[in-house]
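Structural description and commentary
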Amino acid sequence: MRRRIAAHKFKKMKLITPEKGTPASQGDPYLLKANGKYYIYATGTDGVEAYGSDRLFSGWKYLGKALTEAHCKEFWAPCVIERDGVYYMYYSSVQEGEADMHKQAVKAAVSSSPEGPFVYKKTILPAFSIDPHVVKSGKDYYIFYSVNDENGERAGTYIVVDKLADMFTPEGNPQAAVVPTIDEEIFMRDRFRKGQHWHTVEGAFYFRIGNDHYLIYSGNCYQNEKYFLGYACAHAEEDDLRKLKFEKQPSASVYAPLLCRNDKEEGTGHNSIVEEDGKYYIVYHARDISADKTLPDSRTARICLLKAEGKTLKAVRDIP
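Read on for an overview of the structure. (Residues numbered from 1 in each chain as written. Predicted model: local features only at pLDDT ≥ 70, side-chain atom pairs only at ≥ 80, totals over all residues. Heavy atoms only, no water.)

1. Thoughts on the nonpolar core
- Ranked by internal contacts, the top residues of the largest apolar core, which has 53 residues, are Tyr-41, Met-89, Tyr-90, Ile-216 and Ile-282.
- Residues Val-135, Ile-159, Leu-215 and Phe-246 belong to the second largest nonpolar core, which totals 18 residues. (Core = buried A, V, L, I, M, F, W, Y, C linked by side-chain atoms within 4.5 Å. Buried < 20%, exposed > 50% of the residue type's maximum accessible area, 1.4 Å probe, protein only.)

Next comes the structure, spelled out in structure tokens:
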């Protein structure tokens, strides 16, 4: 018998199950709690998809597109933060007709409501930049995002962090936070040239408990068997997130996923964290092992308990 998690007796890991007439997937789900309600923003081809509920574990309804942008497509990995009654959305997209997804660039949009509509204000980073996560630390705001290194020992995509001069302007002094270190982070072998294997570390989500700083990330490719969520941490009484030295856990040389493929789901990655009743929960995307592989994207938003103790994070997803 598996022990039942008593805090919330939800019966399945899926947070959102697509209904007729709604998007088929919720890739890169970002959860926001605002005004006593819950919102999830997800990647969409022609806009950022939004969902809402009065309860965390059930009752989710499709709200429509929270953001569209003329002559653009592939709206990836949105995140939303509130400041002084204004909601700021950070995401990336490319121009219609563009085939090269390495032209993705991080942008900012604003709204007076978490439901939107959000209105584009500024492209805040050059291409290639994706997967922003903006957080407040101390009195300042910081942005984590992913960029490319084509000439590194392990070429590929990695995570940096920079301070924001204002909500639309990074200072321009990004520091590496998490970089590829293992073969299990290889996105594709010989991707751009023979002998150069392309690695991917992306989808940063930062949170802090006391002086323990955690950075959860996605490694590999969501279509590959080894795709996973890993994490790095730092322990410091420090608000300047650029000064932190994040260390992969348990080691930079060990493949030890926080979440990965099991007998029920695969494509487990790109997450956000919410605190509820003194407990932490991780919201991530995955697809059922039994999902129709002919569909273009069958990732859906899921949730599980996250336990944190010092340098150790543990995801508890086997919930009956």
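2. What to know about the layout of surface pockets
- Estimated volume of the largest pocket: approximately 850 Å³.
- Taken together, 36 residues form the lining of the largest pocket, with Asp-28, Thr-43, Trp-76, Tyr-222 and Arg-299 sitting closest to its centre.
- Residue assignment for the lining of the largest pocket shows that the elements contributing at least two residues are β5 (72-83), β9 (130-137), β14 (186-193) and β15 (196-209).
- Per-class residue counts for the lining of the largest pocket are 14 nonpolar, 13 polar and nine charged.
- One number sums up the size of the second largest pocket: a volume of about 560 Å³.
- Lining the second largest pocket are 19 residues, and of these Tyr-30, His-133, Val-135, Phe-205 and Ile-273 lie nearest its centre.
- Among the elements of the structure, β1 (30-34), β5, β9, β15 and β20 (265-276) are those that each provide at least two residues to the lining of the second largest pocket. (1 Å grid on protein atoms, 1.4 Å probe; cavity = no way out; pocket = protein on both sides within 12 Å on 5 of 7 lines; lining within 4 Å. Points joined across faces, edges and corners; volume = space filled by probe spheres on them. Helix = DSSP H or I, 4+ residues; strand = E, 2+ residues; numbered from the N terminus. Nonpolar A, V, L, I, M, F, W, Y, C, P; charged D, E, K, R; others polar.)

3. Things to note about the pairing of strand β17 (residues 228-235)
- When you tally the buried positions in β17, you get seven out of eight residues, the bulk of the element.
- Here eight bridges tie strand β16 (residues 212-219) to β17, and the two strands are oriented antiparallel to one another. From the neighbouring strand, Leu-215 faces β17, where its bridge partner is Ala-232. (Pairing = 2+ DSSP bridges.)

4. Thoughts on the side chain of Ser-53
- Structurally, Ser-53 is set in strand β3 (residues 48-53).
- A residue is classified by how much of its surface remains accessible, and Ser-53, at 5% relative accessible area, is buried.
- Within the structure, the side chain of Ser-53 is placed 3.4 Å from the backbone oxygen of Gly-59, a separation counted as a polar contact.
- Excluding its chain neighbours within four sequence positions, the residues that come into contact with Ser-53 are Lys-37, Tyr-38, Ser-58, Gly-59 and Trp-60. (Polar contact = N/O pair within 3.5 Å; in protein donor to acceptor, adjacent residues only side chain to side chain. Contact = heavy atoms within 4.5 Å.)

5. So, the sheet that holds strand β4 (residues 61-67)
- The strand order across the open sheet built from four strands is β1-β2-β3-β4, with neighbouring strands paired in antiparallel fashion. With one partner strand each, in any of the chains shown, β1 and β4 form the two edges of the open sheet. Between one strand and the next, the sheet's axes are offset by a mean angle of 30 degrees, whatever the strand orientation.
- Alignment of β3 against β4, held across five bridges, turns out to be antiparallel. Directly across from Glu-49, in β4, lies its bridge partner Lys-65. (Axes fitted to C-alpha atoms, helices over the stretch in contact; angles between N-to-C directions.)

6. Examining the sheet that holds strand β23 (residues 312-316)
- What the four strands build is an open sheet, ordered β20-β21-β22-β23; its pairing is antiparallel. Unpaired on one side and paired on the other, β20 and β23 mark the two borders of the sheet. Within this sheet the neighbouring strands show an average axis-to-axis angle of 35 degrees, counted without direction.
- Here eight bridges tie β20 to strand β21 (residues 279-288), and the two strands are oriented antiparallel to one another. Within β21, the residue paired with Gly-269 across the bridge is His-285.

Read these as layout, nothing more, since geometry by itself doesn't imply function.
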